[in-house]
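# Structure at a glance
For reference, the chains in residue letters:
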Amino acid sequence: MTNMLDHVFKRNSMEEATALEEENAVRLARAAAATQGLEHYILSSRPSATDLGARADKRIRAGMPELAAKMTSLVFGFYPSNFTTGMFKPYEVPGARGKHLLLLPCSPNAGIEVTGDMAVNPGIWVRQILANPEKTLGGYTSISAEYCTYGDMLKIWSEVTGRPAAFVSCSLSDYEGLWGGGGKEIGLQLKFNESVRDWLALVKDKHVSKEELGITSGEIKGFRHALEVIKESL
């Protein structure tokens, strides 16, 4: 797993951050390819408005076919912990009688697949990926506890915390002006979410659903549960 936004917030340009992120992922893949006895390689991936998350995946599949045959690309959705800090943390508005504001460059009706409780769900998916190699080798699967709009997520945040909140939309340029390069990347992703709901449409023939993996709704933990777990940090 790599962290592209870490490069962005270290004041790299988006182009530099993209190159660093891609190269880090490819280095890890090369190390895996050179590992004797490797049976299964799981690549943390994501779809992206700017193709940042998918570039390493495409490069590995095109340039390392033997590793690609042993690889499963695990696509992560939205992390509930995003609501604890930075761009997705609702902030109290001075003089607004305790009301909080979530400022994003999209409609509250834009939505995203939510990973859910990160302490629980990724382990379930990895367990089932490894338990079903005949289905997962060479393919894709995505960690999704549920699909939520950003407006609904803010409503759940308000119910969990007991704090009133309002969703405010802004322009992409204003968001970039506020958050810099990281704001541009997140803003483009949010715009992507407005227009594209099916992230994996281009790899449907290789995608393995949670049902095919044998994952039941009862064992995965969704957005509300995840916020309740991290309530003290919200």
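What this report covers is the structure whose coordinates are included nearby. Every value quoted in this text rests on a predicted model; they were computed, and no experiment measured them.

## Quick look at helix H8 (residues 172-195)
With 24 residues, H8 should reach 34 Å at 1.5 Å per residue; the first-to-last C-alpha distance of 15 Å falls well below that figure. At Trp 179, H8 shows its largest bend, some 140°. If you check which residues of H8 are buried, you get Tyr 175, Gly 182, Gly 183, Glu 185, Ile 186, Gly 187, Gln 189, Leu 190, Phe 192 and Asn 193.

## Observations regarding the sheet that holds strand S2 (residues 71-76)
Spatial ordering of the open sheet is given by S1-S2-S6, a layout of three strands whose pairing is parallel. Both outer strands of the open sheet, strand S1 (41-45) and strand S6 (140-143), are each paired with one neighbouring strand and no more. For this sheet the average axis-to-axis angle between neighbouring strands, irrespective of direction, equals 30°. Across five bridges, S1 lies against S2 in parallel orientation. Looking at S2, one finds that Ile 42 is bridged to Thr 72. The sheet contacts of helix H5 (residues 121-131) involve S1, S2 and S6, and relative to S6 the element is tilted by about 160°.

## Topic: the sheet that holds strand S8 (residues 165-169)
Taken together, the three strands give an open sheet; going across it, the order is S3-S4-S8, and neighbouring strands pair in mixed fashion. Since the sheet does not close on itself, it has two edges, and those belong to strand S3 (91-92) and S8, each with one partner.

## Digging into the side chain of Ser 73
Along the chain, Ser 73 falls in strand S2. Using a relative accessible area of 0% as the deciding quantity, one classes Ser 73 as buried. At a separation of 2.9 Å, a polar atom in the side chain of Ser 73 contacts the side chain of Arg 61. Setting aside chain neighbours within four positions, we find Ser 73 in contact with Leu 43, Ser 45, Asp 57, Arg 61, Gly 139, Tyr 140 and Thr 141.

## Some words on the pairing of S2
In terms of burial, S2 is a largely internal element, six of the six residues being buried. What you see with S2 is no split at all: Met 71, Ser 73 and Val 75 on one side and Thr 72, Leu 74 and Phe 76 on the other are buried throughout. Where S2 and S6 come together, four bridges link them in parallel fashion. Within S6, the residue paired with Ser 73 across the bridge is Tyr 140.

## Quick look at the packing of aromatic side chains
Under the definition given, this model contains six aromatic pairs. Between Phe 78 and Tyr 150, the aromatic rings sit 6.0 Å apart at their centres with planes inclined by 75°, giving edge-to-face as the arrangement. One end of the pair, Phe 78, is in the loop between S2 and S3; the other, Tyr 150, is in helix H7 (residues 150-161), and 72 residues separate them in sequence. There is no split in this pair, since Phe 78 and Tyr 150 are both buried. Through successive ring pairs, a cluster of aromatic residues spans Phe 78, Phe 83, Phe 88, Tyr 150 and Phe 223. The residue whose ring lies beneath Arg 197 is Tyr 147, and the NZ or CZ to ring-centre distance is 3.6 Å.

## Points about the nonpolar core
Judged by nonpolar contacts, the single largest core of 31 residues is most densely connected at Phe 78, Phe 83, Phe 88, Leu 104, Tyr 150, Met 153 and Phe 223. Counting residues per element, the ones that place at least two in this core are strand S4 (100-104), strand S5 (111-114), H7, H8 and helix H10 (223-229). The element best represented in this core is H7, accounting for six residues. If you look at the next biggest cluster of nonpolar residues, it comprises 11 residues, including Ile 143, Ala 145, Val 208 and Ile 220.

Conventions we followed
- Residues numbered from 1 in each chain as written.
- Predicted model: local features only at pLDDT ≥ 70, side-chain atom pairs only at ≥ 80, totals over all residues.
- Heavy atoms only, no water.
- Helix = DSSP H or I, 4+ residues; strand = E, 2+ residues; numbered from the N terminus.
- Expected span 1.5 Å × (residues − 1).
- Bend = angle between axes of the 7 residues up to and from the residue.
- Buried < 20%, exposed > 50% of the residue type's maximum accessible area, 1.4 Å probe, protein only.
- Pairing = 2+ DSSP bridges.
- Axes fitted to C-alpha atoms, helices over the stretch in contact; angles between N-to-C directions.
- Contact = heavy atoms within 4.5 Å.
- Polar contact = N/O pair within 3.5 Å; in protein donor to acceptor, adjacent residues only side chain to side chain.
- Phe/Tyr/Trp six-rings, centres within 6.5 Å; stacked < 30°, edge-to-face > 60°.
- Lys NZ or Arg CZ within 6 Å of the ring centre and 35° of its normal.
- Core = buried A, V, L, I, M, F, W, Y, C linked by side-chain atoms within 4.5 Å.

That's the geometry; what it means functionally is another story.
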